Amino acid sequence: MDLIRNKPLDEALAILQYTPKAACEPLLKLVKSAAANAENNFNMDKNNLYVAECYVCPGPTLKRMMPRAQGRGYRILKRTSHMTVVLKEKE
């Protein structure tokens with residue numbers, strides 16, 4: 001998220017496309033979706049958009065049990081998160 005904050009849209013998409021991190025793929029889809037929404041729903045110019053805000057908040061945690069030896073159970077926490085990207089137009 002820190003890599004694309006306050007960057008123009010084209011530069012942010014290029015950074016996310018070529019960064020070898022696991023979180024870049026869903027974040028790239030999110031930024032593309034936000035750009036399409038800004039263009040179609042709010043009539044913003046795609047060339048003037050930049051990433052104004054982006055942050056991740058923790059989501060619900062799914063609590064699961066994994067079987068272990070001698071009838072015991074091992075707790076597994078499957079964590080989720082909420083990603084938010086806000087695009088604004090340059091003045």
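Residues numbered from 1 in each chain as written. Predicted model: local features only at pLDDT ≥ 70, side-chain atom pairs only at ≥ 80, totals over all residues. Heavy atoms only, no water.

An unreviewed UniProt entry lists the protein chain under the name 50S ribosomal protein L22, with Faecalibacterium prausnitzii L2-6 given as the organism. The heading Sequence similarities (unreviewed entry) in the UniProt record of the protein chain holds the text "Belongs to the universal ribosomal protein uL22 family." (UniProt positions renumbered as here; feature names shortened; annotations may be inferred.)

Q: What is the right way to read the pattern of salt bridges from this model?
A: Pairing between side chains becomes possible if they bear opposite charge and their charged atoms approach one another. In total, this model carries 1 salt bridge according to the counting rule given. For the salt bridge of Asp2 with Arg5, the shortest nitrogen-to-oxygen distance reads 2.5 Å. (Salt bridge = Lys/Arg side-chain N within 4 Å of Asp/Glu carboxyl O.)

Q: Help me understand helix H1 (residues 9–18) in this model?
A: An α-helical turn contains 3.6 residues, so any two residues separated by three or four positions project in the same direction. When we look at burial in H1, the residues that qualify are Leu9, Ala12, Leu13 and Leu16. End-on view of H1: buried residues confined to an arc of 100°, all on one side of the axis. Structural note: H1 exposes Asp10 and Tyr18 on the side pointing more than 90 degrees away from its buried face. Its buried side turned inward, H1 meets helix H2 (24–41), strand S1 (49–67) and strand S2 (73–89). (Buried < 20%, exposed > 50% of the residue type's maximum accessible area, 1.4 Å probe, protein only. Helix = DSSP H or I, 4+ residues; strand = E, 2+ residues; numbered from the N terminus. Arc of directions from axis to C-beta. Contact = heavy atoms within 4.5 Å.)

Q: Quick question: what am I supposed to make of the side chain of Thr19 here?
A: Residue placement: Thr19 occurs in the loop between H1 and H2. Under the relative-accessibility criterion, Thr19 is labelled buried at 18%. At 2.4 Å, the side chain of Thr19 forms a polar contact with the backbone oxygen of Ile15. Setting aside anything within four residues of it in sequence, one finds Thr19 in contact with Leu3 and Cys24. (Polar contact = N/O pair within 3.5 Å; in protein donor to acceptor, adjacent residues only side chain to side chain.)

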